[in-house]
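Understanding the architecture of this molecule
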Amino acid sequence: MVGTQGFESLYKMRRSTFSYICSLVKVPLSEDMMIGGHTFVDGRAMSFHDGVAIALRMLNSGGTPEVVGSSFGVDGSTVSLLTQRFVKAMKGRAMHHISFPGSAQVEKIKRKFDKIHGLPNCCSVVHTTHIKFGSQNHENEENDGVLMQAMFEPDMRFTCISLGSQRNMNQSSMLHKSPLFENCERGAWLNGRNLKVPSGGGSEVKEYIIGDAGYPLRPWLLTPYQLENGLSLSGAKVEFNRRHSAATAVALRALARLKETWKCLEGEGWRPNNQLEAYWTVDTCCILHNIVIDMEGDKEEEKEENYSKQVRQLADEDAIRVRDALSQHLIECGGTLSSSIADAQGFESVYKMRRNTFGYVCSLVKIPFLEDMMARNHSFVDGRVMSLQDGVAIALRILNSGDSPVTIGSFLGVNESTASLVTQSFVKAMVERALPHVRWSYSSQKMEKMKRKFHKVHGMPNCCGVVHTTRITFGSQNRDHEENEGILMQAVLDPDMRFRDIYLWRPHVHLSSMAALRNSGIFKHCEKGTWLNGSKLKISSGGGSAVREYIIGNEEYSLRPWLLTPYQLESNLLDSDSKVEFNKRLNSVTTAVALRALARLKDMWKCLQGEGWRPTNQLEAYRTVDTCCMLHNIVIDMEEDGVGMPSDQEYNRIKQVWHVADDGVRVRDILSQHLVESGEEEEEAVVAASSSGHKNKEQEVHRAQQADRGKEKVHGS
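In this report, we go over the structure that sits alongside the text. (Residues numbered from 1 in each chain as written. Predicted model: local features only at pLDDT ≥ 70, side-chain atom pairs only at ≥ 80, totals over all residues. Heavy atoms only, no water.)

**Regarding helix 2 (residues 15-36)**
Put simply, the test is: What counts as a helix is a DSSP run of H or I of at least four residues, what counts as a strand is a run of E of at least two, and both are numbered from the N terminus. Every helix has an expected span of 1.5 Å times one less than the residues it contains. To get the bend at a given residue, fit one axis to the seven residues ending there, fit another to the seven starting there, and take the angle between those axes. Partly exposed describes any residue whose relative accessible area lies between the buried limit of under 20% and the exposed limit of over 50%, with all areas from a 1.4 Å probe on protein chains only and scaled to the type maximum. Contacts are residue-level and defined by heavy atoms, with any inter-residue pair within 4.5 Å sufficient.
Here helix 2 spans only 26 Å end to end across 22 residues, well under the 32 Å set by a 1.5 Å rise per residue. Approximately 70° is the largest bend angle found in helix 2, and it occurs at Lys26, with the proline Pro28 only one to four residues beyond. Buried within helix 2 are the following residues: Thr17, Phe18, Ile21, Cys22, Leu24, Val25, Leu29, Ser30 and Met33. Buried residues along helix 2 sit in contact with helix 1 (7-11), helix 3 (48-61), helix 5 (76-93) and helix 10 (275-296).

**Quick look at the packing of helix 3 against helix 4 (residues 65-72)**
Defined as follows: Working convention: axes come from line fits to C-alpha atoms, limited for helices to the stretch in contact. Angles between N-to-C directions cover 0 to 180 degrees. An angle counts as roughly parallel when it lies under 35 degrees, as roughly antiparallel when it exceeds 145, as roughly perpendicular when it falls between 65 and 115, and as oblique in every other case. Two helices cross in a left-handed way if the nearer one is turned anticlockwise from the farther one by less than a right angle. They cross in a right-handed way if the turn is clockwise. Polar here means any residue other than Ala, Val, Leu, Ile, Met, Phe, Trp, Tyr, Cys and Pro, which are nonpolar, and Asp, Glu, Lys and Arg, which are charged; Gly is therefore polar.
Packing of helix 3 against helix 4 leaves a shortest axis separation of 10 Å and a crossing angle of 140°. With respect to helix 4, the element helix 3 is oriented oblique. Once helix 3 is placed against helix 4, the crossing between them reads as right-handed. Each of Ala53, Ile54, Arg57, Met58 and Ser61 in helix 3 lies in contact with helix 4, whose residues at this interface are Pro65, Val68 and Phe72. The class makeup of the residues in the contact of helix 3 with helix 4 is six nonpolar, one polar and one charged.

**Details of the environment of Asn587**
Structurally, Asn587 can be placed in helix 21 (residues 577-604). Under the relative-accessibility criterion, Asn587 is labelled partly exposed at 38%.

**Points about the pattern of salt bridges**
Pairs can form between side chains of opposite charge once their charged atoms are near each other. We count it as follows: By definition, a salt bridge exists where a carboxyl oxygen of Asp or Glu is found within 4 Å of a side-chain nitrogen of Lys or Arg.
For the coordinates displayed, the defined rule picks out 22 salt bridges. A salt bridge links Glu107 to Arg193, with the shortest nitrogen-to-oxygen separation between them at 3.5 Å. One end of the pair, Glu107, is in helix 6 (residues 103-117); the other, Arg193, is in the loop between helix 8 (179-185) and strand 4 (195-196), and 86 residues separate them in sequence. Put simply, Lys453, Asp494, Asp496, Arg498, Arg500 and Asp637 are held in one network by salt bridges that share partners.

**Things to note about the pairing of strand 2 (residues 146-152)**
Let me state the cut-off plainly: Only when DSSP finds a minimum of two bridges between them are two strands counted as paired.
Burial analysis of strand 2 places seven of its seven residues in the buried class, the great majority of the element. The side-chain alternation of strand 2 yields two buried faces, one formed by Val146, Met148, Ala150 and Phe152 and the other by Leu147, Gln149 and Met151. Of the strand pairs in this sheet, strand 1 (residues 122-131) and strand 2 are connected by seven bridges, and their pairing is antiparallel. Residue pairing across strands places Thr128 opposite Gln149, the latter belonging to strand 2. Judged from the six bridges that link them, strand 2 and strand 3 (residues 158-165) form a sheet pairing that is antiparallel. If you follow Phe152 over to strand 3, its bridge partner there is Phe158. Where strand 2 folds back onto strand 3 in an antiparallel hairpin, the turn is made up of five residues, including Met156, whose phi is positive at roughly 75°.

**Structural notes on unusual backbone geometry**
You will see that Asn121, though not glycine, has its phi angle at about 70°, which is positive. Tracing the chain through its elements places Asn121 in the loop between helix 6 and strand 1. The class of Asn121 is buried, set by a relative accessible area of 0%. A positive phi is found at Asn462, a non-glycine position, where the angle reads about 65°. Note that Asn462 resides in the loop between helix 18 (444-458) and strand 8 (463-472).

**Structural notes on the sheet that holds strand 10 (residues 499-505)**
The sheet built from five strands is open, its strands ordered 10-9-8-13-14 with mixed pairing. Each edge of the sheet is formed by a strand with only one pairing partner; in this case those strands are strand 10 and strand 14 (563-564). Where strand 13 (residues 550-552) meets strand 14, two bridges bridge the pair, whose relative direction is parallel. Bridging across to strand 14, Ile552 finds its partner in Leu564. Helix 18 rests against strand 8, strand 9 (487-493) and strand 10 of the sheet, and its axis sits at about 85° to strand 8. Helix 22 (residues 618-639) rests against strand 8, strand 9 and strand 10 of the sheet, and its axis sits at about 170° to strand 10.

**A closer look at the nonpolar core**
As a reminder of what qualifies: The set of buried Ala, Val, Leu, Ile, Met, Phe, Trp, Tyr and Cys residues whose side-chain atoms join them within 4.5 Å is what this entry labels a nonpolar core.
Counting residues in each nonpolar core, the largest one holds 159 residues, and the members touching the most others are Phe86 and Phe426. If we ignore the near neighbours within four places in the chain, the residues touching Phe86 are Ile21, Val25, Leu29, Val52, Ala55, Leu56, Leu59, Thr284 and Leu288. Listed in part, the 17 residues of the second largest apolar core include Trp440, Val492, Met514 and Leu563.

**Quick look at the sheet that holds strand 7 (residues 221-222)**
Taken in spatial order, the five strands make up an open sheet running 3-2-1-6-7, and their pairing is mixed. Either end of the sheet is taken by a strand with one partner, and the two such strands are strand 3 and strand 7. Where strand 1 and strand 6 (residues 208-210) come together, three bridges link them in parallel fashion. The residue bridging Val125 from the neighbouring strand is Ile210, located in strand 6. Its contacts with the sheet place helix 9 (residues 235-261) against strand 1, strand 2, strand 3, strand 6 and strand 7, and it is angled at close to 50° to strand 1.

**Things to note about the state of the cysteines**
Rules: By disulfide we mean two sulfur atoms from cysteines, separated by a distance within 2.5 Å.
Scanning the entire structure with this criterion turns up zero disulfides. No disulfide involves Cys463; its sulfur sits 6.5 Å from that of Cys464, the nearest cysteine. Accessibility expressed as a relative area gives 0% for Cys463, which makes it buried.

**Quick word on the side chain of Thr284**
The criterion, for reference: Between N or O atoms, a polar contact is any pair within 3.5 Å; within protein, one atom must be a potential hydrogen donor and the other a potential acceptor, and residues adjacent in sequence are included only when both atoms are from side chains.
Within the secondary structure layout, Thr284 lies in helix 10. A polar atom in the side chain of Thr284 sits 2.8 Å from the backbone oxygen of Trp280. Other than its neighbours up to four places away in sequence, Thr284 contacts Leu59, Phe86, Val87, Met90 and Lys91.

**Here's the deal with helix 6**
Its 15 residues place the ends of helix 6 21 Å apart at the C-alpha level, agreeing with the 21 Å of an ideal helix rising 1.5 Å per residue. Within the sequence span of helix 6, burial applies to Val106, Glu107, Ile109, Lys110, Arg111, Phe113 and His117. Among the structural elements, strand 1, strand 2 and helix 9 are those in contact with the buried residues of helix 6. Gly118 lies just past helix 6 and shows a positive phi near 70°.

**Concerning the packing of helix 21 against helix 22**
Interhelical geometry of helix 21 versus helix 22 gives an angle of 105° and a closest axis separation of 10 Å. As summarised for this structure, helix 21 and helix 22 are arranged roughly perpendicular, according to the angle between their axes. Together, Ala597, Arg600 and Leu601 of helix 21 and Cys628, Cys629, His632, Val635 and Ile636 of helix 22 make up the contact between the two elements. Its residues assigned to classes, the contact of helix 21 with helix 22 comprises six nonpolar, one polar and one charged.

**Side note on the pairing of strand 9**
Burial of strand 9 is extensive: seven of the seven residues sit out of reach of the surface. Every second residue of strand 9 is oriented toward a common face, with Ile487, Met489, Ala491 and Leu493 on one face and Leu488, Gln490 and Val492 on the other, all of them buried. Bridging between strand 8 and strand 9 involves seven bridges; their strand directions are antiparallel. Looking at strand 9, one finds that Thr469 is bridged to Gln490. By the bridge criterion, six bridges tie strand 9 to strand 10 in an arrangement that is antiparallel. Bridge assignment links Leu493 to a residue of strand 10, and that residue is Phe499.

Right, dumping it as structure tokens:
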């Protein structure tokens with residue numbers, strides 16, 4: 001029956017496991033086979049064991065019923081019928097293999113999660129995925145696929161599976177309608193002993209499971225901390241997220257193993273006839289997955305540890321407090337990246353960011369990046385499994401070092417192709433999950449903060465950004481030795497050198513800076529008044545006029561009511577001091593913000609200058625530029641935000657809403673006159689202080705003059 005291939009390679013299990021499965025389904029499957037009168041094509045009678053073997057091969061091979069049948073000497077219709085009856089029998093007789101674990105098994109699971117991932121009292125990982133079964137069933141009808149929610153143990157066993165149609169359910173609705181949610185909410189599950197942790201004022205942590213950020217935070221379901229209002233996470237929260245991420249990876253590994261072993265779940269070969277049969281098939285494959293682990297996994301008894309469990313009434317069942325107490329406990333226990341990744345040099349000098357920033361980047365890309373890593377089965381050259389954090393570290397090093405994948409790979413212990421593939425996966429995941437970090441700020445509070453900083457630092461009241469266009473080269477050739485055209489990038493920058501709005505084009509389009517602007521979203525939004533429509537600023541000059549919100553650009557752009565550009569020379573002269581002062585400040589801001597930001601971006605992420613790693617195609621080049629700008633912004637948000645900001649009281653003194661003419665020429669004239677008059681007022685203040693004879697006051701004003709030189713003071717005007 002087996003032929004020339006080994007039994008285990010054909011059926012994905014040992015003979016003893018095969019015999020156990022036969023014993024499970026013997027009664028119902030034998031009866032069905034007797035009724036059906038199944039035989040081989042040569043007329044030989046088919047035994048019960050033959051039927052099980054054919055069904056297993058159909059589920060795991062990825063071949064069609066006709067292909068599998070020809071290898072066994074049966075027709076395709078017989079293969080399909082046997083497979084249908086086998087999954088029905090497994091559903092009826094073997095569901096206990098995926099049921100919620102008993103108390104003794106839960107204690108064993110908790111010890112493993114603590115020993116492997118350092119998460120005390122954790123009972124499981126919950127995860128939701130989509131089972132495709134291909135695009136069509138046997139009758140050429142479109143398959144909806146199956147949405148599956150499951151709990152995962154640390155040895156990759158599936159428990160407590162819930163199934164539904166993707167057409168009418170999502171991750172959230174699946175959870176709320178599942179037995180898991182119902183039983184945990186009423187305390188029937190996860191009601192074992194509480195664990196006292198030494199930190200947190202003697203608090204205790206009840207039994208819990210963990211899930212990704214797509215799930216709600218509950219006392220029995222702990223999710224990762226999310227960044228709030230751009231503020232960095234504490235060390236305890238970063239450590240919790242790191243361990244949470246490492247532990248939830250078990251779900252992705254289990255799913256990858258399930259789908260790789262039972263290829264029918266990926267739509268290869270045999271497909272169910274209807275939704276009910278699809279559910280039975282998913283259950284059967286998960287049951288078979290668990291049976292193989294139970295009967296063929298490592299049976300060595302793990303060493304009993306001094307597991308700190310003292311039962312008392314939990315101080316507070318609130319989920320936030322539980323997670324906080326646990327995170328504080330974890331940071332006191334420590335935890336690091338792989339030594340080859342983290343310890344070779346100082347962390348910040350290698351990865352261009354602090355550890356808590358690195359942790360936040362990992363949390364952003366966790367789901368898509370880790371799924372891709374698991375599917376590709378990346379590892380170090382010495383065979384060690386590569387973690388999410390290892391993959392992120394490799395990608396960051398590739399992007400910032402200017403070295404080739406060969407050099408980075410040899411330094412970190414991975415081969416060249418792995419280093420390149422990990423980087424491609426990382427930039428793709430960043431674009432999927434982190435684009436809000438380079439989007440235009442719609443928040444009025446953030447906009448007011450930008451305006452205050454532009455005014456205080458550069459003397460440009462009500463300014464909201466600097467627009468600039470540049471070219472990203474990526475070197476002369478990509479990895480396939482094809483000529484790179486590079487990328488034309490237009491960006492709006494804030495006073496902290498963040499990239500607030502990015503548009504990318506191929507340079508062969510031959511767009512001027514203004515043409516590029518006209519083809520961008522910011523032009524359309526500002527022209528119709530949906531952006532830059534906030535409070536207007538009354539200024540002392542100009543007859544009580546006010547200046548609307550605006551951005552500034554160099555002479556390559558055209559003057560608009562919301563875009564102020566330099567005055568142009570007439571007969572090689574400017575006709576007033578106010579225009580000279582306006583041009584001076586505008587050029588100063590452009591240099592200080594746009595050019596410095598671009599210089600910092602390219603210096604930190606050297607791949608943008610064509611050094612080291614290069615994208616394989618134009619789409620990957622776009623993703624790489626976006627990723628580097630997002631990383632640039634994240635570092636500023638988490639490590640530099642808020643430095644040198646004026647107080648609200650200080651700025652409210654100058655902010656008044658007033659009528660303004662929307663004509664760009666008049667706005668620029670009003671503003672330029674205000675700038676030169678404000679400089680004259682400062683000079684008069686210096687003269688008055690000098691004539692008063694108060695030496696100390698004079699020195700103080702002089703120091704203020706020096707500090708503000710090039711901002712609001714006009715020299716020789």
